[in-house]
Amino acid sequence: MEKTVVLITGCSSGIGLGLAVRLASDSAGAFKVCNAGVGLMGPLECHSYQTMKMIFDVNLFGTISTIQAFLPGMKSRKCGKIIVSSSVGGLQGVPFNDVYCASKFAVEGLCESLAVVLQHFNIHVSLIECGPVNTDFLNNVQCSDPEDGSLESVDPETRDLYGRYLQHCQTIFQDVAQDTEDVLRVFMDAIQAPCPPLRYFTTQFFMPLMKLKLSCTNGSDYVRAMHKFVFSSKDDKP
């Protein structure tokens, strides 16, 4: 029986590590996982060019380089799956995550474009759209800290909004963050499906905002709803 070849990028911890352990004893099909990623949080004015470039190097160009390396062989065999760990931040803008979202939006465009062409070669591209997950990712996010003086050059109103966003972010992770095992089940669904779709969502929590964004062609309703979702006090929220 032919051995299954699996490549997972970014498996030192979290989802990637969980997949590596799971598949070591239960490999289910030839595929390749682009799982490495890094976050960046804070007002745009605080980010250096080098820091922003690093985010794109890991989240976008790392994904592109990995796919480029293995795509010719997958095309020649006319089979395979490319499964990419993405984010709801690749489908909707999140305050103070401008650069991270930009990198993930780019990954979405890359994979959506590839999926159309690779259908000809019987290669399936799938994006796993993750929300907050209880992994080390949040601890590894490069984050402007209001207490360390890194925001001194930012206007007071933006600093206040950023502080409110950090409180919102903490609440979201406390209330709706998923366990790694829940996300792994979604990855396994994509791995085991004969013809996996382009997108899998690990959570439905952000779907109302997603649907609003798609239904409002000029984007205004979405912007207002996201502002209220993030910056309204807890007592103001339904």
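Residues numbered from 1 in each chain as written. Predicted model: local features only at pLDDT ≥ 70, side-chain atom pairs only at ≥ 80, totals over all residues. Heavy atoms only, no water.

Observations concerning a negative patch on the surface
For clarity, the threshold we go by: For patch building, the residue pool is restricted to those with more than 30% relative accessible area and no salt bridge; the joining distance is 9 Å between like charges and 5 Å between nonpolar side chains (Val, Leu, Ile, Met, Phe, Trp, Tyr). For accessible areas, the Shrake-Rupley method is used with a probe of radius 1.4 Å. Any residue's cover is judged against the shown protein chains and nothing else. Only one rule defines a salt bridge in this text: a Lys or Arg side-chain nitrogen within 4 Å of an Asp or Glu carboxyl oxygen. Positive charge is attributed to Lys and Arg, negative charge to Asp and Glu, and no charge count is given to His or to the chain ends. To locate a charge, the coordinates of NZ of Lys, CZ of Arg, CG of Asp or CD of Glu are taken. Here a strand is any run of E in DSSP of at least two residues, a helix any run of H or I of at least four, and the numbering for each starts at the N terminus.
Where like charges cluster on the molecular surface, the negative patch consists of Glu45, Asp98, Asp155 and Glu157. One can find glutamate 157 in helix 5 (residues 156-176).

A word on the packing of aromatic side chains
Selection rule: Working definition: rings of Phe, Tyr and Trp (its six-membered ring) pair if their centres are within 6.5 Å, and the pair is stacked with planes under 30 degrees apart, edge-to-face with planes over 60 apart, and tilted otherwise. Three exposure classes are used, based on accessible area relative to the maximum for each residue type with a 1.4 Å probe and protein chains only: buried under 20%, partly exposed in between, and exposed over 50%.
With the rule as written, the count across this model stands at five aromatic pairs. Each ring, one from phenylalanine 96 and one from tyrosine 165, has its centre 5.9 Å from the other, and the planes form 45°; the classification is tilted. Here phenylalanine 96 is found in the loop between strand 4 (80-87) and helix 3 (98-118), whereas its partner tyrosine 165 is found in helix 5, with 69 residues between them in sequence. The class for phenylalanine 96 is buried, based on a relative accessible area of 11%. The exposure class assigned to tyrosine 165 is buried, which follows from its relative accessible area of 5%. Through a chain of ring-to-ring contacts, three or more aromatic side chains come together here, namely Phe96, Tyr162 and Tyr165.

Here's the deal with the packing of helix 7 (residues 207-215) against helix 8 (residues 220-231)
Basically, it comes down to this: Inter-axis angles, ranging from 0 to 180 degrees, are taken between N-to-C directions of lines fitted to C-alpha atoms, where helices are fitted over the stretch in contact. Should an angle lie under 35 degrees it is considered roughly parallel, over 145 roughly antiparallel, and from 65 to 115 roughly perpendicular; all remaining angles are considered oblique. What makes two residues a contact is simply this: any of their non-hydrogen atoms within 4.5 Å.
Between helix 7 and helix 8, whose axes approach to 8 Å, the crossing angle comes to 155°. Viewed along their axes, helix 7 and helix 8 adopt a mutual orientation that is roughly antiparallel. Residues Leu209, Leu212 and Lys213 of helix 7 pack against Asp221, Tyr222, Ala225, Met226 and Phe229 of helix 8.

Observations concerning the side chain of histidine 47
Put simply, the rule is: Contacts described as polar in this section are N or O atom pairs within 3.5 Å, which, within protein, must combine one atom able to donate a hydrogen with one able to accept it, while residues neighboring in sequence count only if both atoms come from side chains.
By the element assignment, histidine 47 lies in the loop between strand 3 (40-41) and helix 2 (49-77). Taking relative accessible area as the criterion, histidine 47 reaches 11% and is therefore assigned buried. Separated by 3.3 Å, the side chain of histidine 47 and the backbone oxygen of glycine 42 make a polar contact.

Observations regarding the pattern of salt bridges
For side chains bearing opposite charge, pairing can occur when the charged atoms are close. Counting across every chain of the model gives seven salt bridges. A salt bridge links aspartate 57 to lysine 53; the shortest N-O distance between them is 3.2 Å. In this pair, aspartate 57 and lysine 53 both sit in helix 2, four residues apart, roughly one turn of the helix. Its relative accessible area of 37% is what places lysine 53 among the partly exposed residues. Ionic pairing is found between glutamate 108 and arginine 199, a salt bridge with its closest N-O pair at 2.9 Å. Of this pair, glutamate 108 sits in helix 3 while arginine 199 sits in strand 7 (residues 199-201), and the two are 91 residues apart along the sequence. The buried category is assigned to glutamate 108, whose relative accessible area is 4%. Take arginine 199: its relative accessible area is 26%, and that puts it in the partly exposed class.

Describing the confidence of the model for the protein chain
Selection rule: As a per-residue measure, pLDDT reflects the predictor's confidence and takes values from 0 up to 100.
Mean pLDDT over the protein chain stands at 85; residues scoring 70 or higher make up 79%. Ranking the helices and strands of the protein chain by mean pLDDT puts helix 3 first, with 97, and helix 4 (residues 137-140) last, with 55. Throughout residues 27-31 the model reports pLDDT below 50, and contacts reaching past four residues in sequence, or to other chains, amount to 17 contacts.

A closer look at the pairing of strand 5 (residues 123-130)
For clarity, the threshold we go by: Pairing between two strands requires that DSSP report at least two bridges joining them. Look down the strands so they point away from you; if going from the first strand over the helix to the second traces a clockwise path, that crossover is right-handed.
Strand 5 sits mainly inside the fold: eight of its eight residues count as buried. Of the two faces of strand 5, the one lined by Ile123, Val125, Leu127 and Glu129 and the one lined by His124, Ser126, Ile128 and Cys130 are each fully buried. Judged from the eight bridges that link them, strand 4 and strand 5 form a sheet pairing that is parallel. Within strand 5, the position partnered with serine 86 by the bridge is glutamate 129. In the classification by handedness, the crossover that spans strand 4, the intervening helix 3 and the parallel strand 5 is right-handed. Where strand 5 lies against strand 7, three bridges are found, and the strand directions are parallel. Paired with leucine 127 across the bridge in strand 7 is arginine 199.

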